[in-house]
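# Summary of the model geometry
Here is how the chains run, residue by residue.
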Amino acid sequence: MGLHPLEFSECYLDSPGFREKIKAHEAELDKTNRFIKELYKDGKNLINATKQLSLAQRKFAQCLGEFQFEYIGDAKTDDEKCIDESLQEFSSFLRNLEDQRELMMRNITETLMKPLEKFRKEQLGSAKAERKKYEKETEKYYTSLEKLLNMSAKKKEPQLQEADGTVEVMRQHFQEESLEYVCKLQEIQERKKFECVEPMLAFFQTVFTFYHQGFELANDFDHYKRALQINIQNTRSRFEGTRSEVYELMKKIKENPQEYRQTSPISSEGYLYVQEKRPPPFGSSWVKRYCTFVKEQKILHMVTFDPKSGGKFGEMESVTLKSCVRKTTDTLDRRFCLDIEITDRPGTVLTVQALSEDDHKFWMQAMGGKEPVHYLGRTYSKERGISTLFSNFWSSSGRIGTVDAQLDEVGMNFVRNSINAIETRGINDQGLYRVVGVSSKVQKLLSLMIDEKSNDVDLAACEEWDVKTITSTLKLYLRSLPEPLMTYGLYKEFIVPAKSGSPEARVQAIHCLVHKLPERNREVLSLVTKHLANVAAHSKQNLMTVANLGVVFGPTLMRPQEETVAAIMDLKFQNIVVEILIEQHEKIFGDIPSVSPSSAISPLAPTRQSKKQTRQSRPLAVYNPSVLDIHTVSPSSECVTLTPDEASLGSNESVSSQSSTASTSETPPEKAKSPHGNILPITTPQNSGVCTAMASWMNSTLSPSPSEVKTEPPPAAAVGGPEDKPSESVTLMKAKAVYPCEAEHDSELSFQVGAIFHAGKWECYRPLAHLPAPNPPGYWIRRTERLAD
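Residues numbered from 1 in each chain as written. Predicted model: local features only at pLDDT ≥ 70, side-chain atom pairs only at ≥ 80, totals over all residues. Heavy atoms only, no water.

It is worth spelling out the overall build of the protein at this point. Broken down by element type, the protein carries 20 helices and 11 strands. As presented, the protein carries roughly 42300 Å² of accessible surface, and 54% of it is formed by carbon and sulfur atoms. (Helix = DSSP H or I, 4+ residues; strand = E, 2+ residues; numbered from the N terminus. Areas by Shrake-Rupley, 256 points an atom, 1.4 Å probe, with all protein chains shown as cover.)

The structure is reproduced here in structure tokens:
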């Protein structure tokens, strides 16, 4: 059973039972006082711990925001740019979240800590003071009563009457104090039920608002997260393709390093040990230098550099070569040496030593070296040997396979035959063009199909050759051509638009370049890309999207003439070019270009995937709208006028708004139904530098349940004068703006913080979670069902 009620009548009896009841009430208030003290202490600890968490999160966000990736090459793909910016996005997300947390902590202090402490000090403190006063009056009254009762009856009547009067006054004062104390005790017992719990409710509302803001932030982030996942997947796919090419090049260089040593047709580079002569008796020393010989000017640049010493550079020296003669071991006890006569210093001979026999031949060929005179009989044969070695320096084409594939009528018939078979038999096969066939079967089929005597096989009807063998053979044929379909000469021109320009400029530039290809190359390229577009159209079944096909056919349809790591790093841009050819096949091969490639490229234009608008930080939630100083607002001519009564209305509930910022979206405009059943278009956001409107609803009978449907703004009549007001309206429904908004269109509304809105002016719908203020087109009023329904 709970506490007994304290009857006022018992104050006059002051019975032992009444005193026990008072003690029970006092004990309950003491317990409440201790509880609030402990809760206050724990709340302080919670706030401090949360502040430490916030500091750690902010430090983590700062670390993310300060780091930036560096990429190999002279340009980044759009996917790499998005990945590069992702750390800043993550950092911004965390900072925004911590701003919300910081606001929550400040609000907890205002809504929980201070009200509880105020109740403890004012209410429980006053009860304690009343208790002391009551106990003091009790002591005084009963002491006086005892004195009165102990007085002698023999005293004079006036003295007895005076004593009786004094005790009576004290008794009345004691009883009045008893009544007030009993009333105070019962008042505080009842008051604590709401004055202790209401701050707790406000605390949980604050926590819920914070988590709801986190949920809204996650929703805002979801589209960017999905787009970033695609960026990462595309980059990973391109990496796999690039890695295989790099390993293949490394394998070739391991097998024949001398063939790949030459890096430039106009110069030769490498290490040489240079003899530096010193005056007697010190002799000479050999210094390792990195040398670059420019063939046309016959200038030898030498720089001292020793990798063992941490890679420190020394002095740079340049000399002009007059002649180069192989130095024999008869005159110098060292192998692989050359004597270089210098034009700058007549009569001076510079002796250098190569690193090996092959290196010695390399430098002899590069500098036009000759044998010594007394070996003249052998000079010419050795020079011929060197010439033979270096005439084959660039002979390796690095093409796959040994079949003599040509871009002739036989080859074109094979391409058509293969495409017909693939589209007839395996267009829905998973991993089409990714899953490779057996190498021996592929070689056999290609040899069969490019042989005029045996190329009449209908692959669409022949079950002997499976689909993966046909796809691998088609790729092998295209890679085995003497020159790729998109030619060596136009390779660099195709790469340029993939590295810069807007999506439209890229398409225009590639459109122009395609029509510069030889007619047969363009015809085969059209066949292949049209087929690949058909494959991509079935990507739900075969899982081969345009990006995946770009990875597969990038190095197949175009490649550089020289095999270098730098060229392989451009493989990702080859993929982008092929993606554009697939996506824009009809335009590129169906129309004649109207502009030149150079004029089509605009380096200042946004990149291909940069349609994503910059995501702004979500506005901070208003956890306690009633504390807004809306009397200081000076509304503009377009704002809703405030009245003192309207300004005094408030609510402790906050309704979070949907973010107005939009991530990348390349989908066409969709349509949604309005509450009236009309089809309303949803447009893609075009402006991201805006904030959203958040309203706090003040309706004692209706709870807001905003819909997630994005609709167009209401017609002008919906926000017009009283004559346009619908007959169905709810006059009790009002909203107060907790963020200022500025209109960007005639159909939108501008207002300041604290503006009061009547639902009757916005048609008779349930509370509007978003008012049509500065939100981008397509993010208008969100409504639910009509109240009349």
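There's more to say after this.
A barrel is described by the order of its strands in space; here six strands give the closed sequence 1-2-3-4-5-6, paired in antiparallel fashion. For this sheet, the mean angle separating the axes of adjacent strands, direction not counted, is 50°. By the bridge criterion, seven bridges tie strand 3 (residues 299–306) to strand 4 (residues 312–327) in an arrangement that is antiparallel. Bridge pairing links D306 to K312 in strand 4. Of the strands in this sheet, strand 1 (267–277), strand 2 (284–294), strand 3, strand 4 and strand 5 (337–342) touch helix 6 (residues 357–367), which is tilted by about 105° from strand 1. (Pairing = 2+ DSSP bridges. Axes fitted to C-alpha atoms, helices over the stretch in contact; angles between N-to-C directions. Contact = heavy atoms within 4.5 Å.)

Before going further, it helps to spend a moment on the pattern of salt bridges. Following the criterion strictly, the structure yields 40 salt bridges and no others. Between E98 and R101 there is a salt bridge, and its shortest N-O distance comes to 2.9 Å. Of the two residues, E98 and R101 both sit in helix 3 (residues 78–149), three residues apart, roughly one turn of that helix. Between R520 and E409 there is a salt bridge, with the nearest N and O atoms lying 3.5 Å from each other. Here R520, found in helix 13 (residues 519–537), pairs with E409, found in helix 8 (residues 409–425); they are 111 residues apart in sequence, far enough to count as distant. Overall, R520 belongs to the partly exposed group, its relative accessible area being 34%. For E409, a relative accessible area of 42% puts it in the partly exposed group. (Salt bridge = Lys/Arg side-chain N within 4 Å of Asp/Glu carboxyl O. Buried < 20%, exposed > 50% of the residue type's maximum accessible area, 1.4 Å probe, protein only.)

Attention now goes to the nonpolar core. Counting residues in each nonpolar core, the largest one holds 61 residues, and the members touching the most others are Y433, Y477, L478, F494, F553, L557 and L581. When residues of this core are assigned to their parent elements, the largest contribution, seven residues, is made by helix 17 (residues 571–583). Apart from residues no more than four positions distant in its own chain, L581 is found in contact with M486, I510, V514, L525, T529, I588 and F589. L112, Y134, V167 and I188 belong to the second largest nonpolar core, which has 32 residues in total. (Core = buried A, V, L, I, M, F, W, Y, C linked by side-chain atoms within 4.5 Å.)

All right, on to helix 13 then. For helix 13, built from 19 residues, the straight-helix expectation of 27 Å at 1.5 Å per residue is met to within 8% by its first-to-last C-alpha distance of 27 Å. Residues of helix 13 that are buried: N521, V524, L525, S526, V528, T529, H531, L532, V535 and A536. Elements in contact with the buried residues of helix 13: helix 8, helix 10 (467–480), helix 14 (539–542), helix 15 (546–557), helix 17 and helix 18 (585–590). (Expected span 1.5 Å × (residues − 1).)

Positive phi values are uncommon outside glycine, yet D14 reaches one of about 50°. You can see D14 is positioned in the loop between helix 1 (10–13) and helix 2 (16–66). Owing to a relative accessible area of 11%, D14 belongs among the buried residues under this scheme. Not every positive phi belongs to a glycine, and T487 is a case in point at roughly 65°. With respect to the secondary-structure elements, T487 resides in the loop between helix 10 and helix 11 (491–499). For T487, a relative accessible area of 8% gives the class buried.

It is worth spelling out the side chain of R506 at this point. Within the secondary structure layout, R506 lies in helix 12 (residues 503–514). Residue class for R506 comes out buried when judged on its relative accessible area of 1%. Within the structure, R506 has its side chain in polar contact with the side chain of D78 (distance 2.9 Å). (Polar contact = N/O pair within 3.5 Å; in protein donor to acceptor, adjacent residues only side chain to side chain.)

Okay, the packing of helix 8 against helix 13 next. It is at 11 Å that the axes of helix 8 and helix 13 come closest, and there the two elements cross at 5°. Taken together, the axes of helix 8 and helix 13 lie roughly parallel to each other. Here helix 8 contributes E409, M412, V415, R416, I419, I422 and E423 to the contact with helix 13, which in turn contributes R520, E523, V524, L527, V528, H531 and N534. Looking at side-chain class alone, the contact of helix 8 with helix 13 contains seven nonpolar, two polar and five charged residues. (Parallel < 35°, antiparallel > 145°, perpendicular 65-115°, else oblique. Nonpolar A, V, L, I, M, F, W, Y, C, P; charged D, E, K, R; others polar.)

A separate point is the confidence of the model for the protein. Residue-level pLDDT values for the protein average 75, and 70% of them are 70 or greater. Here strand 9 (residues 695–698) stands out as the least confident element of the protein, with mean pLDDT 31; helix 13 is the most confident, with 94. Of the regions scoring below 50 in pLDDT, residues 622–731 engages in 252 contacts with residues more than four places distant in sequence or in other chains. Low pLDDT (under 50) marks residues 760–789, which in the prediction has 128 contacts with non-local residues, meaning those over four places away or in another chain. (pLDDT = per-residue confidence, 0-100.)

With that out of the way, let us pick up the packing of aromatic side chains. Taken as a whole and assessed by the stated rule, the structure comprises 16 aromatic pairs. Considering the side-chain rings of F93 and F221, the 4.9 Å spacing of their centres and the 45° angle between planes classify their relative orientation as tilted. Separated by 128 residues along the polypeptide, F93 in helix 3 and F221 in helix 5 (residues 197–255) bring together distant segments of the chain. Every member of this aromatic cluster is reached through a ring pair, and the members are Y134, Y141, Y142, F174 and Y181. For K288, the ring lying beneath its charged end belongs to Y271, and the centroid distance is 4.5 Å. If you follow K499 out to its NZ or CZ, it ends over the ring of F573, 5.3 Å from the centre. (Phe/Tyr/Trp six-rings, centres within 6.5 Å; stacked < 30°, edge-to-face > 60°. Lys NZ or Arg CZ within 6 Å of the ring centre and 35° of its normal.)

Within a regular strand, side chains alternate between the sheet's two faces. Of all six residues that make up strand 5, five are buried, and the element is covered over most of its length. As defined by bridge partners, strand 5 adjoins strand 6 (residues 349–353) across five bridges and the pair is classed as antiparallel. If you follow C337 over to strand 6, its bridge partner there is Q353. Between the antiparallel neighbours strand 5 and strand 6 lie six residues, among them G347 with a positive phi of about 85°.

Three or more residues of helix 9 (residues 439–449) are buried, namely V442, L445, L446 and M449. Each buried residue of helix 9 lies within a common arc of 100° when the element is viewed along its axis, so the set occupies one face. Residues of helix 9 that are exposed and angled more than 90 degrees away from the buried face: S440 and K444. For helix 9, the secondary structure elements touched by its buried residues are helix 8 and helix 10. (Arc of directions from axis to C-beta.)

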